[in-house]
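If you want the building blocks of each chain, they are given just below.
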Amino acid sequence: MNYLLKGLLKVERSVHSLMKWILFLILGGMTLIVFMGVFFRYVLKAPLPWSEEMARYLMIWGASLGAFVAFKEGSHVGVTFIMDRFHGKIGIFLKRVSQLILIIFVAIVVKEGFGLVLKLKGQTSPAMEIPMGLAYLAIPVGFLLILLEALMMISIKDYHPFQEDEKNL
Amino acid sequence: MNLLLGVSFFFTLALGIPIAFVLGITSLIALIALSNIPLHLIPQRLFTGMDSFPIMAVPFFILAGNLMNASKITDRIIDFSKLLVGRIRGGLGHVNIVASMFFAGISGSAVADTSALGSILIPAMVRERYSTAYSAAVTASSSIIGPIIPPSIPMVILAMIANLSVGGLFLGGVLPGIFIGFGLMAVNYLISRKRNYEKSQESFRWKEFSKSLLGAVIPLLMPLIILGGILGGIFTPTEAASVAVIYSLFVGFFILRTLSLKDLPNIFFRSMVLTSTILIVFGMANAFSWILATQQIPQKVSQSILSISRNPYVILFLLNIFLLIVGCFLEGLAAIMILVPILMPLVTQIGINPMHFALIVVVNLMIGLITPPVGLCLIVVCGVAKMKVGPILKEILPFMWVEIIILFIITYFPWFTLTLPRLFKFI
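Nothing here was measured: the structure is a model prediction, and the numbers come from that model. (Residues numbered from 1 in each chain as written. Chains lettered and ligands numbered in written order. Predicted model: local features only at pLDDT ≥ 70, side-chain atom pairs only at ≥ 80, totals over all residues. Heavy atoms only, no water.)

> Would you mind going over the packing of helix 10 (residues 166–195) of chain B against helix 19 (residues 389–412) of chain B with me for this structure?
Helix packing geometry: the angle between the two helix axes and the distance between the axes. Residues and elements named next belong to chain B. For the pair helix 10 and helix 19, interaxial distance at closest approach is 10 Å and the crossing angle is 145°. As for the relative orientation of helix 10 and helix 19, their crossing is right-handed in sense. Across the interface between the two elements, P176, F179, I180, G183, L184, V187, N188, I191 and R195 of helix 10 pack against E395, P398, F399, V402, E403, I406, I409 and I410 of helix 19. Split by residue class, the contact of helix 10 with helix 19 holds 12 nonpolar, 2 polar and 3 charged. (Axes fitted to C-alpha atoms, helices over the stretch in contact; angles between N-to-C directions. Helix = DSSP H or I, 4+ residues; strand = E, 2+ residues; numbered from the N terminus. Left-handed = near helix turned anticlockwise from the far one by under 90°. Contact = heavy atoms within 4.5 Å. Nonpolar A, V, L, I, M, F, W, Y, C, P; charged D, E, K, R; others polar.)

> What am I meant to see in the pattern of salt bridges here?
Should their charged atoms come close, side chains of opposite charge can pair. Following the criterion strictly, the structure yields 7 salt bridges over all chains and no others. We note a salt bridge from R56(A) to D51(B), for which the minimum N-O separation is 2.6 Å. One end of the pair, R56(A), is in helix 2 (residues 51–73); the other, D51(B), is in the loop between helix 3 (41–50) and helix 4 (57–70), on a second chain. In this structure D51(B) comes out as partly exposed when scored by relative accessible area, which is 21%. When the shortest N-O distance is used, the salt bridge between R195(B) and E395(B) registers 3.0 Å. Taken together, the residues span a long stretch of sequence, with R195(B) in helix 10 and E395(B) in helix 19 at a distance of 200 residues. (Salt bridge = Lys/Arg side-chain N within 4 Å of Asp/Glu carboxyl O. Buried < 20%, exposed > 50% of the residue type's maximum accessible area, 1.4 Å probe, protein only.)

> Teacher, can you tell me more about the state of the cysteines here?
What makes a disulfide is a covalent bond joining the sulfur atoms belonging to two cysteines. Residue and element names in this part refer to chain B. As enumerated under the stated definition, the model contains 0 disulfides over all chains in all. The thiol of C328 is not disulfide-bonded; the next cysteine sulfur, from C377, is found 14 Å away. For C328, a relative accessible area of 19% translates into the label buried. We note that C377 lacks a disulfide partner, and the nearest cysteine sulfur, in C382, lies 11 Å from it. We classify C377 as buried; its relative accessible area is 0%. (Disulfide = S-S within 2.5 Å.)

> Even after reading the chapter, I still don't get the interface of chain B and chain A, so can you show me in this structure?
A common way to report how large an interface is uses the accessible area buried once the components associate. Taken together, the contacts link 63 residues of chain B with 61 residues of chain A. Together, the buried faces of chain B and chain A total about 5600 Å²; carbon and sulfur atoms form 80% of this surface. Close ionic contact of E239(B) with R41(A) constitutes a salt bridge, the shortest N to O distance being 2.9 Å. Taken together, chain B and chain A are joined by 11 residue pairs in polar contact (both at pLDDT 80 or more). For the side of chain B that touches chain A, the secondary structure elements donating two or more residues are helix 1 (2–14), helix 2 (19–34), helix 3, helix 4, helix 12 (237–255) and helix 13 (264–294) of chain B. It is helix 13 of chain B that contributes the most residues to the side of chain B that touches chain A, 15 residues altogether. (Buried area = accessible area lost by both parts, 1.4 Å probe. Polar contact = N/O pair within 3.5 Å; in protein donor to acceptor, adjacent residues only side chain to side chain.)

Spelled out as structure tokens, the structure:
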């Protein structure tokens, strides 16, 4: 069991650094694309028709994957001061209830999200003419990662996801 | 149905489930109860909510602020503020407040302001024999100016939800932000005189002044680029924000040379993660407000409030009190996303200018950042000052009261909020 946990933490660590690079590239790409859009319109007088759409879809992917990282680190804001009052068995019980509710919800979003992607088959985006499903895919993928993370948190006793100290810039 | 919505919302909220998921779960339960709408409405509304170009100003403003902060721009702002107000009684307290006002011009979030200025100014203030709790209180209470003076993340979000102009809201925040700054300085002056806090003995030198002014020009140019670009019709707020990012990269690499390439991935990564926590709430709120709209909750709320009074003054008073209480429990951005769609129809119905109301909401909910139990700035400043909340809270009270008084003054004198937007023809 301990062996398995160690392996998991290793995977966790590499997923974290992978996410770091993906999100860096996504936000960097968004910045460049939007800035280029301004440049092409004002300086070269030749607006780029695809820049806005591409930046938007990148942002949705970034938000979905970022939501997974934030979930891992526990940085989604919630109201915790009520739960902080409960200690011992009742506290653990309530914590389990909340985790269970969350897991059910996230699982439904994953299922419905993939369903939506399948439904959109054949539709293309207005500007870039890429499959719409590619953009919509961000949501079930992000939530699937959240689901896996939540399942590990509830099922493995000493599981603490990898975190960096530089959380607060 | 209303009862079901209410119970599932408050139950999941009380369980400590993050607000984004609370909104999603409540919407899902409502959809199941309605039974004639497919459940894929949730991922769909989540997607369409986030699929917006105007909202992209949020990641860019966060990123620009983080880049500026990483290039040690804070030191320059503090140096300049010292020269401006350092010689008044309670000097470093004033410096803290004025630096917050300048910092507000490069960052749109109060939490960034708290940690950036607090980590430098709290130790500095303690060295000058201010109490730690007082130093922390000044830091936290002045940092709420961050999202009131443009650029501002809550205003970008509000503009989206209430269909207002970002440029107009940004301009409208300038005077209230400065007003709050001066109000806090007055409190700091009175308390410092009573407790005999320091007064800098350094004499004023023109040479030093011009040198630090030069250093401060770089951060001060940023709000001018943003506002100037938007007001001049050169770019949209989102484009302005991307230009602000490029500007801060340029400053960090070529002018100050304090930024290094190897810091970049982490700064971008952190900014995107922070953005995602806001966007996910925004997307889920998009599903949630759809449900509320189908159940005609906004209409029902306005009816019941209008049955108490139809006097705009009374209603604004009640709404302010309500929002102050909400701000104590709910994070400001989430409160905006949930409540503004409900309250806006009511407000416009009784003839209050929507832009005026939006600005009141921002100032009001930002005060919530320093009130317990869920004041984000309060939590951050506790971390920075390495102190428990209790003693800081006691020192925050006079500042908080002044902010609440200013909130009510702004509420009843729309001059503060509407003069600048009117001047630039936004209304």
